[in-house]
Amino acid sequence: MDLAFSEEQEMLRASARQFVRDRYPPERVAALADSSGFDRSEWRTLAEMGWTGISVPEADGGAGLSFFEEMILAEELGRGLYPGPFFASVVLALPLLRVAGGDDMVAGLVAGERVATLAWAGPEGAFDVDPAPKVSWEEDRLTGVKLFVPDLAAADLVVGLGGLPEGTGVWAVDRDADGVAWRELPTVDATRRMGEVALDGAAARLLGTIGPGELAKVRDRALAALAAEAVGVGHAALDMGVAHAGTRVQFGRPIGAFQAVSHQLAQAFLEIETARSLAYWAGWAVAEDQPEASTAAAAAKARAADASVAACERAIQVHGGTGFTWEHPLHRLYKRALGISALFGWGAEHRSRIAAAILDSSGAP
C-alpha cells in the first residue's frame with residue numbers, strides 16, 4: 001500500500017483548490033448559504049471538468065479514475081466549503097445507481113444534466129444497513145418518509161432505499177412528481193442543506209435489490225468521503241488560525257509566539273494530519289475493496305470529524321472576539337464540521353462498531 005500522491009493526483013488537488021478559491025470565495029459561500037442556496041446552473045461546470053463521473057469507467061462516460069481521486073476532491077471541496085451537491089450526487093447516489101441497475105440514469109448524472117440525492121434514513125433518523133429501511137410498496141407506488149436527505153433542494157432525482165421481501169429495494173423517483181412532498185429541514189449547516197421527503201403513493205421505479213453487504217459498501221464510501229471532507233474543513237480553519245496568530249500583535253509580539261496560542265494550533269495540526277492518514281487509508285481500503293474497509297471507514301469518520309470540530313474551535317478561540325462574529329467565515333466551517341459529525345452516525349456509534357469488530361476478530365466472548 002503506497003499512499004504517496006502521484007503527480008497527476010497532485011495536479012487534481014491543485015486544480016480543485018484553485019477552482020473553489022476562484023468560484024466560491026468565503027463571501028460568495030456566505031451569500032449562497034444565507035439566501036436560496038446552490039445555483040443549479042453551476043453544476044455543469046463540474047461535469048465539464050470530469051468531476052461528476054470521476055470514478056465512473058470511461059466506457060460509461062466517466063473519467064475512469066478511482067475512489068481515491070474522489071477522496072482528493074472531497075477534501076478540497078471541504079477545504080473550500082463548496083456548497084454544491086457533490087457528496088449527495090457523486091458520492092452517494094451515483095454508485096448506488098450503478099450497483100442497482102440504473103445505468104440509463106448514470107449518463108445524465110455524469111454529464112451534469114441531472115442531480116441526484118440519496119434518501120436513506122427513515123423516520124428514526126438512522127442510516128442502517130440491516131434491517132433495511134422501511135417503506136410501503138404497492139405496484140409502482142411508494143409510500144414512506146425519509147429524513148436528512150442531503151441537497152434535496154438542488155436535486156431533481158431522488159434515489160431511495162426501501163425494504164422488500166427479497167432484500168433492500170433501490171428505487172428512483174422524480175423529486176417533483178405527484179405524491180412527493182418535500183421540505184428543507186432546519187439544520188446547523190446552511191452550506192449543505194438537509195431535507196425531508198414524504199412519499200404518498202408516489203410513482204417510483206424499482207431499479208433492483210441489493211443485500212446488506214452491498215449497502216454497507218455504499219456506507220463505507222460515504223464515511224470515507226466525509227472523513228476526507230472533514231480533513232479539508234479542519235485544515236481550512238487551522239490555516240486561518242495560523243495566519244491570524246502570525247499577524248495579530250499583542251504586547252509587541254505576534255500572538256503565535258505565546259505558548260497558549262501556539263500549542264493549541266500545534267495540537268490541531270497533529271490531530272488533522274493523523275485524521276488525514278486515517279482518511280486516505282480508508283479511501284484506499286474502499287477503493288480496493290479490502291476486508292478492513294468497513295473498520296477503516298468507521299475509524300476515519302470518527303477521528304476526522306472530531307479533529308475537524310476541535311480545529312474549528314481552536315481557530316475560533318485564537319481569533320478571540322473576531323472569531324465569534326457572523327461576518328467571519330470560521331463559524332461556517334465550524335457548522336460544516338458539526339454537520340459532518342452527525343451525518344451517517346456520530347463518533348461514538350462508529351467507535352462502538354470498531355470495538356465490536358475487534359472483539360469479533362479476537363474471538364472474545
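Residues numbered from 1 in each chain as written. Predicted model: local features only at pLDDT ≥ 70, side-chain atom pairs only at ≥ 80, totals over all residues. Heavy atoms only, no water.

1. Description of the packing of helix 7 (residues 212-247) against helix 9 (residues 293-319)
Point 1. Taken N-terminus to C-terminus, the directions of helix 7 and helix 9 make an angle of 20 degrees; their axes are 7 Å apart at the nearest point. As far as their axial angle goes, helix 9 and helix 7 are roughly parallel. Crossing hand, helix 7 versus helix 9: left-handed.
Point 2. Here the residues of the contact of helix 7 with helix 9 sort into 20 nonpolar, six polar and two charged. (Axes fitted to C-alpha atoms, helices over the stretch in contact; angles between N-to-C directions. Helix = DSSP H or I, 4+ residues; strand = E, 2+ residues; numbered from the N terminus. Parallel < 35°, antiparallel > 145°, perpendicular 65-115°, else oblique. Left-handed = near helix turned anticlockwise from the far one by under 90°. Nonpolar A, V, L, I, M, F, W, Y, C, P; charged D, E, K, R; others polar.)

2. A look at the nonpolar core
Point 1. Ranked by size, the top nonpolar core spans 101 residues in total, and within it Tyr82, Phe86, Phe87, Trp120, Val159 and Phe344 carry the most contacts.
Point 2. Counting residues per element, this core draws most heavily on helix 7, at 17 residues.
Point 3. Once residues within four sequence positions are removed from consideration, Phe344 is found in contact with Phe87, Leu92, Trp120, Phe127, Arg219, Ala222, Leu223, Leu226 and His350. (Core = buried A, V, L, I, M, F, W, Y, C linked by side-chain atoms within 4.5 Å. Buried < 20%, exposed > 50% of the residue type's maximum accessible area, 1.4 Å probe, protein only. Contact = heavy atoms within 4.5 Å.)

3. Details of the sheet that holds strand 6 (residues 180-184)
Point 1. Here we have four strands laid out as an open sheet, ordered 2-3-7-6, and antiparallel in their pairing. In this open sheet, the two edge strands, each paired with only one partner strand, are strand 2 (136-138) and strand 6. In this sheet, adjacent strand axes meet at a mean angle of 15 degrees when their direction is disregarded.
Point 2. With five bridges joining them, strand 6 and strand 7 (residues 194-203) adopt antiparallel strand pairing. When the bridges of strand 7 are listed, Ala181 appears paired with Ala198. (Pairing = 2+ DSSP bridges.)

4. Some details on the domain arrangement of the protein
Point 1. Looking at the assigned domains, one finds that the protein contains domain 1 (7-110), domain 2 (116-210) and domain 3 (213-359).
Point 2. Just the C-alpha atoms count here: the centres of domain 1 and domain 3 sit 21 Å apart.
Point 3. Every contact between the two is made by 24 residues of domain 1 and, on the other side, 29 residues of domain 3.
Point 4. Regarding the contact of domain 1 and domain 3, the summed buried area is about 2,200 Å², with carbon and sulfur atoms giving 69% of it.
Point 5. Summed over the shared surface of domain 1 and domain 3, the number is four salt bridges.
Point 6. The residue Glu70 makes a salt bridge to Arg221 at a minimum N-O spacing of 3.1 Å.
Point 7. Inspection of the domain 1/domain 3 interface yields nine residue pairs in polar contact (both at pLDDT 80 or more).
Point 8. Every element with two or more residues in the side of domain 1 that touches domain 3 is listed here: helix 2 (26-33), helix 4 (67-79) and helix 5 (86-100).
Point 9. The leading source of residues in the side of domain 1 that touches domain 3 is helix 4, at nine residues.
Point 10. Partitioning the side of domain 1 that touches domain 3 into residue classes produces 17 nonpolar, two polar and five charged. (Domains from an automatic or database assignment. Buried area = accessible area lost by both parts, 1.4 Å probe. Salt bridge = Lys/Arg side-chain N within 4 Å of Asp/Glu carboxyl O. Polar contact = N/O pair within 3.5 Å; in protein donor to acceptor, adjacent residues only side chain to side chain.)

5. Looking at the environment of Pro85
Point 1. Following the sequence through the fold, Pro85 ends up in the loop between helix 4 and helix 5.
Point 2. Judged by its relative accessible area of 0%, Pro85 is buried.
Point 3. Taking C-alpha positions, Pro85 is 9.9 Å from Thr52, a pair spaced 33 residues apart along the chain.

6. So, the side chain of Ser55
Point 1. In this structure, Ser55 sits in the loop between helix 3 (43-48) and helix 4.
Point 2. At 3.0 Å, the side chain of Ser55 and the side chain of Arg221 are in polar contact.

7. Topic: the pattern of salt bridges
Point 1. Summed over the entire model, instances satisfying the criterion amount to 24 salt bridges.
Point 2. Here Arg28 makes a salt bridge to Glu42, at a shortest N to O gap of 2.3 Å. Highlighted residues: Arg28 in helix 2 and Glu42 in the loop between helix 2 and helix 3, separated in sequence by 14 residues.
Point 3. The closest approach of N and O atoms between Glu229 and Arg192, which form a salt bridge, is 2.7 Å. Taken together, the residues span a long stretch of sequence, with Glu229 in helix 7 and Arg192 in the loop between strand 6 and strand 7 at a distance of 37 residues.
Point 4. With relative accessibility at 5%, the residue Glu229 sits in the buried group.
Point 5. A relative accessible area of 7% places Arg192 in the buried class.
Point 6. Taken together, the shared-partner salt bridges connect Glu10, Arg13, Arg17, Glu75, Glu76, Arg79, Asp239, Glu273 and Arg276 into one network.

8. Side note on the side chain of Arg314
Point 1. Mapping Arg314 onto the fold places it in helix 9.
Point 2. Since its relative accessible area comes to 16%, Arg314 is described here as buried.
Point 3. Within the structure, Arg314 has its side chain in polar contact with the side chain of Glu271 (distance 3.0 Å).
Point 4. Not counting residues within four places of it along the chain, the set of residues in contact with Arg314 comprises Gln264, Gln267, Ala268 and Glu271.

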